[in-house]
Amino acid sequence: MEGEELEGKVARITSYGAFIDVGCKVDALVHISRISQEKVKDINDFLKIGQEVEVRIISVDGKKKTLAGSMLGKQADQYLNRRREILTRQQQRQHSWAAAEFPKTDIGFFEDAIKDLEDAFQEDYGEWSKQ
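Residues numbered from 1 in each chain as written. Predicted model: local features only at pLDDT ≥ 70, side-chain atom pairs only at ≥ 80, totals over all residues. Heavy atoms only, no water.

### Structural notes on the sheet that holds strand β5 (residues 66-70)
So, step 1. Pairing is mixed in the closed barrel, where five strands are placed in the order β1-β2-β3-β5-β4. Averaged over all pairs of adjacent strands, the angle between their axes in this sheet comes to 55 degrees, without regard to strand direction. (Pairing = 2+ DSSP bridges. Helix = DSSP H or I, 4+ residues; strand = E, 2+ residues; numbered from the N terminus. Axes fitted to C-alpha atoms, helices over the stretch in contact; angles between N-to-C directions.)

The structure is reproduced here in structure tokens:
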């Protein structure tokens, strides 16, 4: 079913996307970012309930019983997928770096650093105020 292009009707519109009745047990969710290549601020400017549309199924989750669809061209979807993968990898690297660099159990490091800064400030401030 993934990759299939289906005709459907707009069943519901939400702030984050539109649910399209494609003739399955569940409606396909087309996220706001996959409705048009133009910037979509208000989905109602692009879709109306009952409107017939063509949707490509981009994801099927059997466990959650959900369908994700797109009204974009294949190249636009491929671009969005690559961009999401890159952002996800960057976030994972940043998270793993932060976790490795500053483990939660090493809170004493921060307490020591703060104490050192306070002491240095007191020393500098004390010298400055005497002048």
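Having seen the model, we can carry on.
### Some points on the pairing of strand β1 (residues 5-13)
So, step 1. Of the strand pairs in this sheet, β1 and strand β4 (residues 52-61) are connected by five bridges, and their pairing is antiparallel. Pairing of E5 across the sheet is with R56, part of β4.
So, step 2. Where β1 meets strand β2 (residues 17-21), four bridges bridge the pair, whose relative direction is antiparallel. Along β2, the bridge assignment pairs R12 with F19.
So, step 3. Hairpin connection of β1 to β2: three residues between the antiparallel strands.

### Concerning the side chain of R34
So, step 1. Along the chain, R34 turns up in the loop between β3 (28-31) and β4.
So, step 2. Within polar-contact distance, the side chain of R34 engages the side chain of D77 at 2.5 Å.
So, step 3. Contacts of R34, omitting those with residues within four sequence positions, involve I58, G69, S70, M71, L72, D77, L80, N81 and R84. (Polar contact = N/O pair within 3.5 Å; in protein donor to acceptor, adjacent residues only side chain to side chain. Contact = heavy atoms within 4.5 Å.)

### Comments concerning unusual backbone geometry
So, step 1. Of note in the backbone geometry, K65 takes a positive phi value of approximately 55 degrees without being a glycine.
So, step 2. Within the secondary structure layout, K65 lies in the loop between β4 and β5.
So, step 3. Classification of K65 as exposed rests on a relative accessible area of 63%. (Buried < 20%, exposed > 50% of the residue type's maximum accessible area, 1.4 Å probe, protein only.)

### Considering the nonpolar core
So, step 1. In this structure, I20, V22, I35, I43, L47 and V53 are the most contacted members of the largest nonpolar core, which totals 16 residues.
So, step 2. Of all the secondary-structure elements, those providing two or more residues to this core are β1, β2, β3 and β4. (Core = buried A, V, L, I, M, F, W, Y, C linked by side-chain atoms within 4.5 Å.)

### As for the pattern of salt bridges
So, step 1. Applying the stated criterion to the full structure yields three salt bridges.
So, step 2. D77 is paired through a salt bridge with R56; the nearest N and O atoms lie 2.8 Å apart. Pair noted here: D77 is in helix α1 (residues 74-101) and R56 is in strand β4, with a separation of 21 residues, a long-range link. As far as the burial class goes, D77 and R56 line up, both buried. (Salt bridge = Lys/Arg side-chain N within 4 Å of Asp/Glu carboxyl O.)

### What to know about the environment of K48
So, step 1. Examined against the element boundaries, K48 turns out to sit in the loop between β3 and β4.
So, step 2. In this structure, the C-alpha to C-alpha distance between K48 and V10, residues 38 residues apart in sequence, is 6.8 Å.
So, step 3. Not counting residues within four places of it along the chain, the set of residues in contact with K48 comprises V10 and I13.

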